[in-house]
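Structure assessment
The chain contents come next:
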Amino acid sequence: MNSEMEDDPLMVQILPDHQTSPSPTYTLTKPKPTKSIFLVTLAAFVSVAMTLGLFFVFCSIPFSVLNWTCPFRYSVVIDAGSSGTRAHVFRYRTESGKPVYDFGPENYASLKLSPGLSSYADKPDGASVSVAKLVEFAKGRVPSGMLKKSDVRLMATAGMRLLDVSVQEKILQVTRGVLRSSGFNFRDEWASVISGSDEGVYAWVVANYARGSLGGDPLQTTGTVELGGASAQVTFVSSETLPPGFSRKITYGGVAYNLYTHSFLHYGQDEAEEDLLESLRKSGEGIVADPCTPKGYSYNFDKNSSRLSASVQAAGDFSKCRSLTTAMLQKGTESCAYNHCSIGSTFTPHLQGRFLATENFYYTAKLFKLEEKGWLSKLVSAGKSFCGEEWSKLKEKYPTTKEKYLHGYCFSSAYTISMLHDSLGFALDDERIEYADKAGEKGIPLNWALGAFILNTATATSDHIAKSRKMLV
């Protein structure tokens, strides 16, 4: 992830054409003292405002026309997820050689296109279309003169991890061709399928940056539990001795953090729901009840599922759905080779500190408009009510939610309780865990791509400073 950055841009002051000095001299001839001071202050203010205004104007027009250096740097991260691909465009600056971030609308923008890159497994060339559109979006946010100095990285996650490596590589080669010709600074290795632990670490980084704890006491940091479409990630600082493969060490601001992190592939919400439905259809002949879908819902199975023998009938029942999803999550725990396993036979240390539940956890809690305090307990009641309602009435109750998503909230409510309470061990009234999609006073989005950007720029900037110091020795 380390990469050498271009030299820090030269910070210069732009003056109006008629002004020759940044500190003009005013000649005062017997004025009233208070009025003179006011005029001097006003003139100085106008001068500074014009300077800053021209500075930002020059930074927003093509640099090929100007022999000028912009104070900003730009970076693009393309998050290739299971449900879609999103371009994140960042603008930042440096102070004393350190990156300064601001994720407000002037400095951060994103665009998501569906479907995800993994959907092009049978036709890899098709991946070029969405990536090219996202590149054009990014170029619209970056001055043309800064393109060659601005990195672009494509990071694919669980949807791509589910594919064979050979198929992954075919899709990545297509995306690399688009990125090579984009005009951005790009290297082939910057388009890759990242590991689940990388994804978890990046999510943890942005959560703690948003809360102001990154660079501080490790024991005061916040853990993250993400529920994506194809995988789930758990990451937090643990004081336990961690087995190899479950520990990651990162350093930020001179502080080292020992993290437990693991990605549970196949346990994302979409993947788990599909697996459960498939297992029901394989469970026998005749009609099989599906307790995770509201009564009255009509399934739309594709032709490839015709080989499954049983027919499934929606029979929403929260408690039965919770039992099924808990059994799915805990399958294999009897074979745990460690001191403690929460999901399958995978090691998980005891929970430590506060946590944020993000992504699909957030979307589920948001649909039911749950209060932050004791939200898991309230989700049990909300899930029972939703699962037990007729599909026709649910469509009337939630008219703005697309039907293809709405029916899944019976499953997601039960699955959330099964994972967070029945498996990981959060009490239903546990106030250590909150649901969120943004954090901190500035409401920074809790997207792992922001964490990747923070770590990449911080590392690259520190590497650049170290290299510069060596050159001075």
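Predicted model only: the values in this text are computed from it and were never measured. (Residues numbered from 1 in each chain as written. Predicted model: local features only at pLDDT ≥ 70, side-chain atom pairs only at ≥ 80, totals over all residues. Heavy atoms only, no water.)

Annotation from UniProt places "binding site: ATP" (unreviewed entry) at G229, A230, S231, A232 and Q233. Its place among the elements puts A232 in strand 8 (residues 231–237). For A232, a relative accessible area of 2% translates into the label buried. Those residues in contact with A232 that lie beyond four places of it in its chain are E226, L227, H262, S263, F264, Y267, G268 and M419. The residue Q233 is located in strand 8 in this model. Taking relative accessible area as the criterion, Q233 reaches 1% and is therefore assigned buried. (UniProt positions renumbered as here; feature names shortened; annotations may be inferred. Helix = DSSP H or I, 4+ residues; strand = E, 2+ residues; numbered from the N terminus. Buried < 20%, exposed > 50% of the residue type's maximum accessible area, 1.4 Å probe, protein only. Contact = heavy atoms within 4.5 Å.)

This part takes up the pairing of strand 11 (residues 287–290). Burial of strand 11 is one-sided: the residues V288 and D290 facing one way are buried, the residues I287 and A289 facing the other way are not. With four bridges connecting them, strand 11 and strand 12 (residues 311–314) associate as parallel partners. If you follow A289 over to strand 12, its bridge partner there is Q313. (Pairing = 2+ DSSP bridges.)

With that settled, consider helix 8 (residues 360–367). Of all eight residues in helix 8, six are buried; the element is thus mostly enclosed. Of the surrounding secondary structure, the elements contacted by the buried residues of helix 8 are strand 7 (222–227), helix 6 (269–281), strand 15 (354–359), helix 9 (375–387), helix 12 (409–423) and strand 16 (433–435). Of the residues flanking the end of helix 8, it is K369, one or two places downstream, whose phi is positive at about 55°.

Glancing now at the packing of aromatic side chains. Across all of its chains, the model carries 31 aromatic pairs by this definition. Seen from their ring centres, Y260 and F347 are 6.0 Å apart, and the 75° between their planes marks the pair as edge-to-face. Of this pair, Y260 sits in strand 10 (residues 255–265) while F347 is found in strand 14 (residues 346–347), placing the two residues 87 residues apart along the sequence. According to the relative accessible area criterion, F347 is buried, its value standing at 4%. Ring geometry for Y362 against Y363: centres 5.6 Å apart, planes inclined by 70°, an arrangement best described as edge-to-face. Classification of Y362 as buried rests on a relative accessible area of 12%. Through a chain of ring-to-ring contacts, the aromatic side chains of F90, Y92, Y101, F103, Y108, Y209 and F453 assemble into a single cluster. Sitting over the ring of F72, R91 keeps its end group 3.9 Å from the ring centre. A cation over an aromatic ring shows up here: R153 above the ring of W190, its NZ or CZ 4.2 Å from the ring centre. (Phe/Tyr/Trp six-rings, centres within 6.5 Å; stacked < 30°, edge-to-face > 60°. Lys NZ or Arg CZ within 6 Å of the ring centre and 35° of its normal.)

Time to look at the nonpolar core. In terms of nonpolar packing, the biggest core is built from 53 residues, with F368, W375, F386, M419, L420 and F426 touching the most fellow members. Examining the composition of this core, we find that eight residues originate from one element, helix 12, more than from any other. Contacts of W375, omitting those with residues within four sequence positions, involve A357, A365, L370, T416, L420, I433, E434 and Y435. By size, the runner-up hydrophobic cluster in this structure holds 36 residues, among which are V77, A203, L356 and F453. (Core = buried A, V, L, I, M, F, W, Y, C linked by side-chain atoms within 4.5 Å.)

Moving on, we come to the sheet that holds strand 15. Taken in spatial order, the six strands line up as 9-10-8-7-15-16 in an open sheet, and their pairing is mixed. The open sheet terminates on both sides in strands that have one partner only, identified here as strand 9 (247–252) and strand 16. Taking the axes of each pair of neighbouring strands and ignoring which way they run, one obtains an average angle of 25° across the sheet. As judged from the six bridges shared by strand 7 and strand 15, these two strands associate in the parallel manner. Residue E226 lies in a different strand from strand 15, and its bridge partner there is T358. Lying over the sheet, helix 8 contacts strand 7, strand 15 and strand 16, oriented at roughly 80° with respect to strand 15. (Axes fitted to C-alpha atoms, helices over the stretch in contact; angles between N-to-C directions.)

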